[in-house]
Amino acid sequence: MHTVTLGEKMEQLRIGVIGAGGKAVDYAASWAKMPDLRFVAVADVSAQACARLAAVSGGSPRAYADYRQMLTECRKDLDMVYVSTPHVLHGEQALAVTEAGLDLFLEKPMVTTVAEAKALIAAQNRIGNLIVVAFNGGLSPLVRDTRARIEAGEFGALVSVSGSIWEGWKDAYNGGWKQDPAISGGGFMFDTGAHMMNTICQLLDADFDRVSAYMNNRGKPVDITCAVSARTKSGVLVTLNAAGEGPKGCFSHMTLFFQNALVRIDAWGGSREISYGNGVWTREEDEITDNPMRTFLAVRRGAIPNPSTIQNGLRFARLWDAIKLSASRDGESVRVDE
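In this report, we go over the structure that sits alongside the text. (Residues numbered from 1 in each chain as written. Predicted model: local features only at pLDDT ≥ 70, side-chain atom pairs only at ≥ 80, totals over all residues. Heavy atoms only, no water.)

Each helix and strand in the chain was counted, giving eleven helices and 15 strands. A compact globule built from 338 residues should have a C-alpha radius of gyration of about 20 Å, and the chain, at 20 Å, falls within 12% of that. Out of the 338 residues in the chain, the part that is buried amounts to 53%. Accessible surface, the chain as shown: approximately 14300 Å² in total, 51% of it carbon and sulfur. Side chains of the chain carry 35 positive and 38 negative charges; the gap between the two charge centres is 1 Å. (Helix = DSSP H or I, 4+ residues; strand = E, 2+ residues; numbered from the N terminus. Rg over C-alpha atoms; globule rule 2.2 N^0.38 Å. Buried < 20%, exposed > 50% of the residue type's maximum accessible area, 1.4 Å probe, protein only. Areas by Shrake-Rupley, 256 points an atom, 1.4 Å probe, with all protein chains shown as cover. Lys, Arg positive; Asp, Glu negative; His and termini not counted. Charge placed at Lys NZ, Arg CZ, Asp CG, Glu CD.)

Summed over the entire model, instances satisfying the criterion amount to two cavities of 30 Å³ or more. Of the voids in this model, the second largest cavity is the one considered here, and its volume is about 30 Å³. M110, V133, F135, N198, S308, T309, N312 and G313 are the residues that line the second largest cavity. (1 Å grid on protein atoms, 1.4 Å probe; cavity = no way out; pocket = protein on both sides within 12 Å on 5 of 7 lines; lining within 4 Å. Points joined across faces, edges and corners; volume = space filled by probe spheres on them.)

This part covers the packing of helix α6 (residues 141-151) against helix α9 (residues 193-204). Angle between the axes and distance between the axes are the two parameters that describe a pair of packed helices. Packing of α6 against α9 leaves a shortest axis separation of 9 Å and a crossing angle of 30°. In terms of their interaxial angle, α6 and α9 are classed as roughly parallel. Residues V143, T146, R147 and I150 of α6 form the contact with α9, whose participating residues are T199, Q202, L203 and L204. Within the contact of α6 with α9, the residues separate by chemical class into four nonpolar, three polar and one charged. (Axes fitted to C-alpha atoms, helices over the stretch in contact; angles between N-to-C directions. Parallel < 35°, antiparallel > 145°, perpendicular 65-115°, else oblique. Contact = heavy atoms within 4.5 Å. Nonpolar A, V, L, I, M, F, W, Y, C, P; charged D, E, K, R; others polar.)

Here it is in structure tokens:
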């Protein structure tokens, strides 16, 4: 990780993109407005997708059908890579970027299994590159501030946590790759629900001990609804509910119950409410679209610690593996893998 010293001129960060789908194109259009970024290369199996991203990137990035070729030919021309591909490809591609010695901005969810998470951590320990997982919540200033205030003891001890997330996901992604378990690695809980699980993991900063979970596919090949009851090793009780069938829209609501306060925050870190009792709530809101890259740049400059690490990604992966195992056993309580 390169730290900019006082008086040093800020050079443009040369970025490569693996996966030029809708999210990557939307981000590219926003990031192209940042003067400290320059798009150098893009890789996607679709030439049309590469062309769409190039059109909004503010430059003329080289296009590749194979990300391996991009990493080989552009290695010396890149500083970092943003990976935004179907979930099951993250592990392989993240390892390739790390082995190339490049900094990595990895779209959520980080990987699909605990084994992939451990392999990526081992590679980063060996190579020493920067890896930031692109969870909106993980990179949200409101989430970071909440975690800091928890650590400072402002709210007292954490008692329990309740989280819910819903979206008209079943219809919105009907027939798409997100509902193909061979590509997605899971259904609604692992896609939109990943934001909730990851933000909970980050705020608690504690390992889970036991998990009980139920899933219902509601006629699809992947889970559409999921209900989870869990306990951390420190004894905090956590309940999570994910509903992927309903009207258009998407919403999340998580409440953290402390001895001295209640904190409500959404999975993306866009809004937060705090109450110290008596029914009085203080509400704050923050922009979440550009925060991920801004936070990545701040981490890379050494301005702030990495708030969305692959170590937290491992904690998330362990939780997800336990949820899948318990659901496959009809809600049996299972111990979370070490």
